[in-house]
Structure formats: C-alpha cells, structure tokens
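# A closer look at the structure
Here is how the chains run, residue by residue.
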Amino acid sequence: MYTQFFGNYLLSNGYVTRDELFSAMQRQADQHLKLGTLAIHAGYMTASQVDDTVIHQTHQDRKFGELAVELGYLTDEQVSSLLKQQIPAFLSLGQVLLNDGVLTNSDFEQIIQDYRKKNGMDNEENLIEQQDIINTLFENFFSGSNTTLSHNGHMFVELLFNNLVRFIGSDFTPIEASEVTEAPIACCVEQDVHGEYAINAYISMDKKTAIKFASRYVHEEFQDYDEYVQASLEDFINLQNGLFIVNISNDSNTELTLGAPEQKTKSPLSFENRTLHFPILYTFGNIDFYIECVKIQ
C-alpha cells in the first residue's frame, strides 16, 4: 500500500497535479531508479550532496557511486548496500517525477522525511508492510479527506483497496473521498448488503476503463463492452461484498446477506442516504466506488 498512499500524499499536499501524477504512474513500472534517489531515501546522502555529485558527473565520465565515494558522501559499503537492497515500489513514482522536473531532489528529500514520519515509518529499514503502518496509512488517508467512517465502513474500504491490489493491480492511487448526493454513471453495478449493518455498494467507470478492468480481473483480453465485461464487474463487486460479510462475521459475529448485483443505467444516480464517494485513479482509467450507508451499527 505504500505506493498507492504515496501518490495520494503527493496529490493532497499539492506537490503534483492529477495529470502529473497520472502521467508518472503510467511510466513508473519501466523506471530505473538512480543511485542518488536510493541514497536520499536511505538517509545516506542529502539532496545537496546528490546535486553536487550530479554536477561532478557533468564534467567526468564516471559512475555516480564512484564519484559519491570519492567526494566522501558515501562509503563503498553503502554503495554496495544500496545496489542490493529491497526497493520500495513508491520510489519508482518519485523517480519519474524527479526526471520530469516536477520534483527537485530537495523536494524529494523533504517529502520522504515527512511521509515516513507521518506514517510511523521512521525505523522501517526495509519498508516491509507491517500492519500497524498500514493502519496508520489508512487513518491518515481518511483524516485527510475529512470523511468519517464507522468501524465497518473502514473495514470495507481497506478490504476494497486490498482486493484491487490482489485482483486488478497495484498501479492505482486513491483520491480524496467525499460525500455526494448524486453521481453521473456509465458502466455501473450495484449490490446491496442487508442486515444489522446495511449498505448499497456501487462500482462505476466508462466503457474503455471497464473493458480493461474486466480484462485484468479474468486475465483475458476483451475488446468490446459486452455481457462478459458486465459479468466481470458484477463478479468483482460480489467478491468484494462476499469477503466483507465474512470479515464482519469473524469480527463481530454479525450475520449479513447479499442481494444480487444489478446493472444501473440511469444517470445520474440519486442517493437517498449518506453516500461516500471513493475515486480510484488507475493507469488505465478512473474507477468510482460509492458506499450508500443505509443502516449503520
């Protein structure tokens, strides 16, 4: 989850625009991380030291690591460690933004320090995703969006993000959530969750995005928006809600039931109850999730 929330952190704090973030996300998978970026992240070098080493590189045909050692900024052991270490995926996103000139090394140094401190990652040498850090990331995401959720609502959204990573791909960034009373839709599926805790869950996107979403979900390339793509959207929301009610049962012994998924075609949708909108920015398009709170425990 580090990469997904890192993108949201950059966007919500004004370091990047939505277009700049989207462009960087599309290219980050092919991005080669520079040693200077890794050194800043590891705390081995400051931004000014990286800039100075790059300046020296413009006058000498030498590797960055060799010059950094010669200048006294790194040791041979640190260079070796950087080249062997487990690389956090979100650094690739930062590297693209550095290459594009959206961020400077000084920006990046401060962002990394602030991001890790805010999310309790100060002592995470290998940035292994421990649950307490993931919890902090979620809490900061919700507090930053000024959107309050019940315990069950929080559980639903955390499960949603995890399912997106597992079944669709990790190349997304959650955008600030908000309350809405209506929403424009294109390809939209809704499913009800009934019981002591009751919600209506919606997933919506345009046709091009739906085709790509379904292709990833079933590992088959669809070319047109047809009944197979529609069935894939229905299956995903059914999987999401099915796992959710299992988690609710395990968490509080509350038994919930599911309605059948339904295609929604009338736009805009109007919501009768408090409804939260969770936009997801994927590299292949925008996906909108809506949670209509029918009954909250």
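Please refer to the structure higher up on the page.
Here is what the cut-offs are and how they apply
Residues numbered from 1 in each chain as written. Predicted model: local features only at pLDDT ≥ 70, side-chain atom pairs only at ≥ 80, totals over all residues. Heavy atoms only, no water. 1 Å grid on protein atoms, 1.4 Å probe; cavity = no way out; pocket = protein on both sides within 12 Å on 5 of 7 lines; lining within 4 Å. Points joined across faces, edges and corners; volume = space filled by probe spheres on them. Helix = DSSP H or I, 4+ residues; strand = E, 2+ residues; numbered from the N terminus. Buried < 20%, exposed > 50% of the residue type's maximum accessible area, 1.4 Å probe, protein only. Pairing = 2+ DSSP bridges. Axes fitted to C-alpha atoms, helices over the stretch in contact; angles between N-to-C directions. Left-handed = near helix turned anticlockwise from the far one by under 90°. Contact = heavy atoms within 4.5 Å. Nonpolar A, V, L, I, M, F, W, Y, C, P; charged D, E, K, R; others polar.

Rolled over the atoms, a probe with the dimensions of a water molecule shows which regions are left empty. One pass over the full model with this rule turns up one cavity of 30 Å³ or more. The volume enclosed by the largest cavity comes to roughly 40 Å³. As for the largest cavity, its lining consists of Phe 156, Leu 160, Ala 201, Tyr 202, Ile 237, Gln 240, Phe 289, Tyr 290 and Ile 291. When residues of the lining of the largest cavity are traced back to their parent elements, those giving at least two are α10 (151-167), β4 (198-205), α12 (227-252) and β8 (285-295). For the lining of the largest cavity, the element with the most residues is β8, which contributes three residues.

Time to look at the pairing of strand β7 (residues 269-282). Side chains on a regular strand alternate between the two faces of the sheet. Most of β7 is tucked away: 10 of the 14 residues are buried. Note that strand β1 (residues 172-174) and β7 share three bridges and pair antiparallel. In the strand pairing of β7, Phe 172 is matched with Tyr 282. Sheet topology note: the strand β2 (residues 178-183)/β7 ladder contains five bridges and is antiparallel. Each residue of the ladder has a partner; that of Ala 183, found in β7, is Leu 269.

Right, let's get into the packing of helix α3 (residues 35-42) against helix α8 (residues 105-118). At their nearest, the axes of α3 and α8 sit 9 Å apart, and the two run at 35° to each other. The two elements α3 and α8 meet at a crossing, and its hand is right-handed. For the pair formed by α3 and α8, the contact residues are Thr 37, Ile 40 and His 41 on the first element and Asn 105, Phe 108, Glu 109, Ile 112 and Arg 116 on the second. Looking at side-chain class alone, the contact of α3 with α8 contains three nonpolar, three polar and two charged residues.

Limitation: the analysis is restricted to geometry and does not speak to function.
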